[in-house]
Amino acid sequence: MRDFLAGFGLELRIIRAAPDAFIPLVTAPFFALIFLSIVRQSGRPDLQADALMAPVLMTLWWIALQHAGNLITGDRWQALLEPLIATPASLASVLLGRITALMGFGLISFFEVWAIGELVYGVSIPFEHPGALALTFLVTAFATAGTSVAFAAVFVMSRNAYTFTNSLGYPLYLLGGVLVPVAILPGWIQPVSSGIFMSWAADLLRASLKAPPIDDLWQRLGTVALLGAVSFVLGRLILFHVMQRMRAKGELAAT
Amino acid sequence: MGTPAVEVEEISRVFEPRKKPEVVALDGVSLTIPPGEIHGLLGPNGAGKTTLVKILSTVLLPTSGRARVLGMDVVDETKAVRPQIGIVFGGERGLYWRLTGRQNLEYWGALYKLSARETKERTQRLIERVGLAERADERVETYSRGMKQRLHLARGLVGDATVLFLDEPTTGMDPLAAREFRTLIAELRDEGRTILLATHDMMEAETVCDRVTLIDRGKVVATESPRTLGRVISRFQRIDVEGVDGPVLDEIRALDGVSSVTVADGGARIEVDEEGATLVVLARVVEAGASSVKTSLPSLEEVYVQLIGDRGLEL
């Protein structure tokens with residue numbers, strides 16, 4: 001737990017000190033405006049709430065890929081990875097702490113899009129099931145953090161991690177049902193989407209903004225959490241093997 | 001003797017870079033450092049110093065051989081080794097530049113399982129100890145190179161390590177700061193810590209180290225105290241004389257075991273390269289009425305050049 005908290009505290013301080021960390025929070029309101037404009041132009045006011053949720057999920061994904069996914073790579077290039085490995089701390093726990101801080105930071109985008117919807121178009125977020133909404137965001141943030149550990153472990157093996165992170169965003173927005181429900185994607189894609197926790201999370205978020213009772217809430221929340229946990233365990237495993245490989249090959253320090 | 005602080009047995013490390021021939025960084029290195037010793041690891045660039053330090057700090061695996069820190073294997077018992085060691089790598093990187101010096105230390109302290117209170121107290125003590133108190137709350141990116149080095153050292157100490165590995169720790173420090181650093185190293189030894197100091201600074205090694213291992217091209221050339229190393233090549237002793245005439249110097253130049261006679265500033269330096277030649281030379285210069293005679297052992301730098309060779313920039 002101490003390692004987790006050490007990572008959490010470190011990342012909060014880095015966020016405070018680095019203005020570039022705020023970029024996702026700058027783009028989220030713009031995405032909200034774009035999506036709101038599209039659904040209003042299409043005469044679908046029933047989709048306005050969905051249009052406001054998409055930028056929040058996109059912000060979490062963006063942070064997972066661009067920031068969290070590159071944490072180890074960044075430490076490696078700054079010669080911080082070797083001293084970190086040489087401490088008694090668990091790298092995976094420190095990393096999870098750092099990523100969790102990033103996710104918490106990303107959730108600020110929810111309040112941004114809420115405000116922008118109200119201020120620009122007078123659109124409110126319909127809090128039909130506020131408890132479910134809050135729980136879904138929380139579990140989604142943790143699942144994204146778990147998945148980011150896997151990203152970070154995989155990306156550090158590549159010399160061109162930024163190319164991956166740049167190109168992975170939009171396919172994941174699509175497959176994760178962030179922009180449109182998975183149900184309207186072609187049938188052959190849907191089984192792939194069901195393996196991505198974000199598709200479950202996105203559906204649940206949309207359901208929690210609508211009046212009808214949410215079917216199988218706990219089961220669906222559990223699926224999001226389970227898929228996130230599986231990603232974390234897998235990421236931890238990959239991380240262990242990647243670090244062993246780097247110790248063996250002498251690649252912990254980038255030159 | 002109890003458990004050595006550091007024990008290296010026939011360690012080898014071969015790097016296999018992509019599309020390049022393999023590099024033998026360490027070739028059967030053995031070394032034992034007793035607790036409480038400041039041990040210098042001296043060698044030119046590319047000698048294998050950093051590779052050995054990295055293996056001992058558990059961040060690099062050896063290709064073969066074994067190494068133990070406080071009796072614990074650095075490959076099989078990393079979890080037990082890591083709380084006992086502190087590392088200081090040279091260079092400007094290795095710190096979070098956008099954070100303050102204090103924030104950096106607090107983070108590293110937390111990684112050593114210190115409580116929040118302990119972390120804060122120890123951070124403050126270390127900041128004062130390395131002379132960063134006035135700038136502790138400024139971002140590291142505003143620090144000079146020497147200040148970053150001092151922060152590196154503080155980071156190495158934040159876990160209260162029993163064994164410290166310092167790799168070129170005074171790189172970039174001004175002479176005064178480097179001198180203070182050496183005093184600090186001696187204090188750390190007095191506290192019972194063992195220090196392995198990798199350096200190519202001869203003066204540093206000679207000043208602070210109890211023993212020095214000369215390493216070159218991945219092999220140990222010699223391990224001795226700086227003074228004993230001088231004696232190892234004592235046959236290369238030199239004799240500085242004054243008040244001796246040219247003909248006598250010519251006569252000395254012709255003696256067996258005299259390698260050179262250099263005349264300068266009213267005196268002469270006679271260098272010998274055979275055991276016993278010193279006594280013969282001394283007898284002759286005294287007989288010739290020399291007004292001043294001084295013999296000296298070579299400095300560590302001269303030992304280094306003698307044993308490793310003067311390769312200049314060649315790696």
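Residues numbered from 1 in each chain as written. Chains lettered and ligands numbered in written order. Predicted model: local features only at pLDDT ≥ 70, side-chain atom pairs only at ≥ 80, totals over all residues. Heavy atoms only, no water.

> Would you mind going over a positive patch on the surface in detail, with residue names and values included?
Where like charges cluster on the molecular surface, the positive patch consists of Arg-159, Arg-245 and Lys-249 of chain A together with Arg-18 and Lys-19 of chain B. Within the secondary structure, Lys-19 of chain B is located in the loop between strand 1 (6-15) and strand 2 (23-33). Classification of Lys-19 of chain B as exposed rests on a relative accessible area of 88%. (Patch = residues over 30% accessible without salt bridge, like charges linked within 9 Å, V, L, I, M, F, W, Y side chains within 5 Å. Areas by Shrake-Rupley, 256 points an atom, 1.4 Å probe, with all protein chains shown as cover. Salt bridge = Lys/Arg side-chain N within 4 Å of Asp/Glu carboxyl O. Lys, Arg positive; Asp, Glu negative; His and termini not counted. Charge placed at Lys NZ, Arg CZ, Asp CG, Glu CD. Helix = DSSP H or I, 4+ residues; strand = E, 2+ residues; numbered from the N terminus. Buried < 20%, exposed > 50% of the residue type's maximum accessible area, 1.4 Å probe, protein only.)

> Describe the sheet that holds strand 14 (residues 292-296) of chain B, naming the residues involved and giving the relevant values.
Residues and elements named next belong to chain B. Pairing in this open sheet of four strands is antiparallel, and the strands run 12-13-11-14 from one edge to the other. Since the sheet does not close on itself, it has two edges, and those belong to strand 12 (258-264) and strand 14, each with one partner. Adjacent strand axes in the sheet meet at a mean angle of 15°, parallel and antiparallel pairs treated alike. Contacts from helix 9 (residues 246-253) reach strand 12 and strand 13 (267-272) within the one sheet, and its direction differs from that of strand 12 by about 160°. (Pairing = 2+ DSSP bridges. Axes fitted to C-alpha atoms, helices over the stretch in contact; angles between N-to-C directions. Contact = heavy atoms within 4.5 Å.)

> Any details on the pairing of strand 9 (residues 211-216) of chain B? Residues and values, ideally.
A regular strand places its side chains so that they alternate between the two faces of the sheet. Residue and element names in this part refer to chain B. When you tally the buried positions in strand 9, you get five out of six residues, the bulk of the element. Where strand 3 (residues 38-42) and strand 9 come together, four bridges link them in parallel fashion. Within strand 9, the residue paired with His-39 across the bridge is Arg-211. Across five bridges, strand 9 lies against strand 10 (residues 219-224) in antiparallel orientation. Within strand 10, the residue paired with Leu-214 across the bridge is Ala-222.

> How would you explain the nonpolar core if you had to name every residue and give the values?
Ranked by internal contacts, the top residues of the largest apolar core, which has 158 residues, are Trp-61 and Met-243 of chain A together with Val-8, Leu-56, Phe-165 and Leu-166 of chain B. The element best represented in this core is helix 3 (residues 48-67) of chain A, accounting for 13 residues. Leu-166 of chain B has contacts with Val-88, Leu-153, Phe-181, Ile-185, Ile-195, Leu-196, Leu-197 and Ala-198 of chain B, leaving out every residue within four places of it along the chain. Judged by nonpolar contacts, the second largest core, of 14 residues, contains Ile-239, Val-241, Leu-249 and Ile-252 of chain B. (Core = buried A, V, L, I, M, F, W, Y, C linked by side-chain atoms within 4.5 Å.)

> Explain the interface of chain A and chain B to me, and be specific about the residues and the numbers.
Contact residues are listed per partner, giving 34 residues for chain A and 34 residues for chain B. When chain A packs against chain B, close to 3,000 Å² is buried across both sides, 56% of that on carbon and sulfur atoms. Looking at the side of chain A facing chain B, the largest losses of area belong to Arg-13, Pro-88 and Arg-247 of chain A, adding up to 22% of the total buried there. Counting the contacts that link chain A with chain B gives four salt bridges. In this structure, Lys-54 of chain B and Glu-82 of chain A form a salt bridge, with 3.1 Å as the shortest nitrogen-oxygen distance. Run the count over chain A and chain B and you get 14 residue pairs in polar contact (both at pLDDT 80 or more). Of all the secondary structure elements, the ones that give two or more residues to the side of chain A that touches chain B are helix 1 (2-17), helix 4 (71-77), helix 5 (81-85), helix 6 (91-106) and helix 12 (217-249) of chain A. By residue number, the principal contributor to the side of chain A that touches chain B is helix 1 of chain A, which donates seven residues. Partitioned by chemical class, the residues of the side of chain A that touches chain B number 19 nonpolar, four polar and eleven charged. (Buried area = accessible area lost by both parts, 1.4 Å probe. Polar contact = N/O pair within 3.5 Å; in protein donor to acceptor, adjacent residues only side chain to side chain. Nonpolar A, V, L, I, M, F, W, Y, C, P; charged D, E, K, R; others polar.)

> If you had to explain the sheet that holds strand 4 (residues 64-69) of chain B to someone new, which residues and values would you point to?
Residue and element names in this part refer to chain B. Spatially, the four strands line up as an open sheet ordered 2-1-4-5, and their pairing is antiparallel. At either margin of the open sheet sits one strand with a lone partner, and together these are strand 2 and strand 5 (72-73). As paired strands, strand 1 and strand 4 are joined by five bridges and run antiparallel to one another. By the bridge assignment, Glu-9 is partnered in strand 4 with Arg-66. Those strands touched by helix 1 (residues 49-56) are strand 1, strand 2 and strand 4, and its axis lies near 115° from that of strand 1.

> I'd like a description of the pattern of salt bridges, backed by residues and values.
Side-chain pairing between opposite charges can occur once the charged atoms of the two side chains come close. Residues and elements named next belong to chain B. Taken as a whole and assessed by the stated rule, the structure comprises 30 salt bridges over all chains. For Asp-137, the salt bridge identified is with Arg-102, shortest N-O distance 2.7 Å. Linking Asp-137 in the loop between helix 4 (116-129) and helix 5 (145-157) with Arg-102 in helix 3 (residues 101-111), this pair joins segments that are 35 residues apart in sequence. Under the relative-accessibility criterion, Asp-137 is labelled exposed at 52%. Note that Arg-117 is salt-bridged to Glu-121, the shortest N-O span being 3.3 Å. Separated by four residues within a single helix, Arg-117 and Glu-121 lie in helix 4, roughly one turn from each other.

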